[in-house]
Amino acid sequence: MSLEQLNQLKQSEESRLQAITQHYATLRASASRFTSSQNALGELTPSSEHKTIMIPLTESLYVPGTIKDPSKVMVELGTGFHVEKTTKDAQVFLERKAKLVDVNSENVMEAINGTRNNVESINNAMQGKMVEIRARQEGQRERAKAEA
């Protein structure tokens, strides 16, 4: 491959690395939210009944609410769908989702490491090409001096 082709390949791999690194960060943020949700469920007790809480409508918009039955919670299944579950069922659901995120995180980390290795290999190939080009140029100079 030419130096220009190697450079294009390197840029492509670096873009891929950046994208999958962002995906990994998103997965880790999701895992953190699941852990926070599990902790919040653990704090719900029968004495929580009639307590005032802040209910998130979006990431930045909360409204006040009151706990009517601490043994039941609303769980977001995704894309705006919610379902009522017992706190035990909600814990199981969150544990399952957290495990899924962990497995996906491991797979993404393997892809990150593979892409980093690719970038490093491309860098090594580019350095080799540069040495080759310099040696060729040096050889041409030496021949030109010998002919003169």
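Check the entry above for the structure.
Here's a quick rundown of the structure. (Residues numbered from 1 in each chain as written. Predicted model: local features only at pLDDT ≥ 70, side-chain atom pairs only at ≥ 80, totals over all residues. Heavy atoms only, no water.)

**Notes on unusual backbone geometry**
To keep things clear, this is the line we draw: In this description a helix means any DSSP run of H or I spanning at least four residues, a strand means any run of E spanning at least two, and both kinds are numbered starting from the N terminus.
The backbone phi angle of His50 is positive, close to 70°, even though this residue is not glycine. One can find His50 in the loop between helix 1 (3-43) and strand 1 (52-56). Backbone geometry places Thr79, a non-glycine residue, at a positive phi of 50°. Along the chain, Thr79 turns up in the loop between strand 3 (72-78) and strand 4 (81-86).

**A word on the pairing of strand 2 (residues 62-66)**
The criterion, for reference: In this scheme, strands are said to pair when DSSP sees at least two bridges between them.
Relative to strand 2, strand 1 is paired through five bridges, and the arrangement is antiparallel. The residue bridging Ile53 from the neighbouring strand is Gly65, located in strand 2.

**So, the pattern of salt bridges**
Convention followed: Every case where a carboxyl oxygen of Asp or Glu lies within 4 Å of a side-chain nitrogen of Lys or Arg is listed as a salt bridge.
Applying the stated criterion across every chain yields a total of four salt bridges. Put simply, Lys10 and Glu14 hold a salt bridge, and the shortest N to O gap is 4.0 Å. Here Lys10 and its partner Glu14 are both found in helix 1, four residues apart, which amounts to about one turn of the helix. Measuring nitrogen to oxygen at the nearest pair gives 3.2 Å for the salt bridge that ties Arg28 to Asp102. You can see Arg28 sitting in helix 1 and its partner Asp102 sitting in helix 2 (residues 87-147), a full 74 residues away along the chain.

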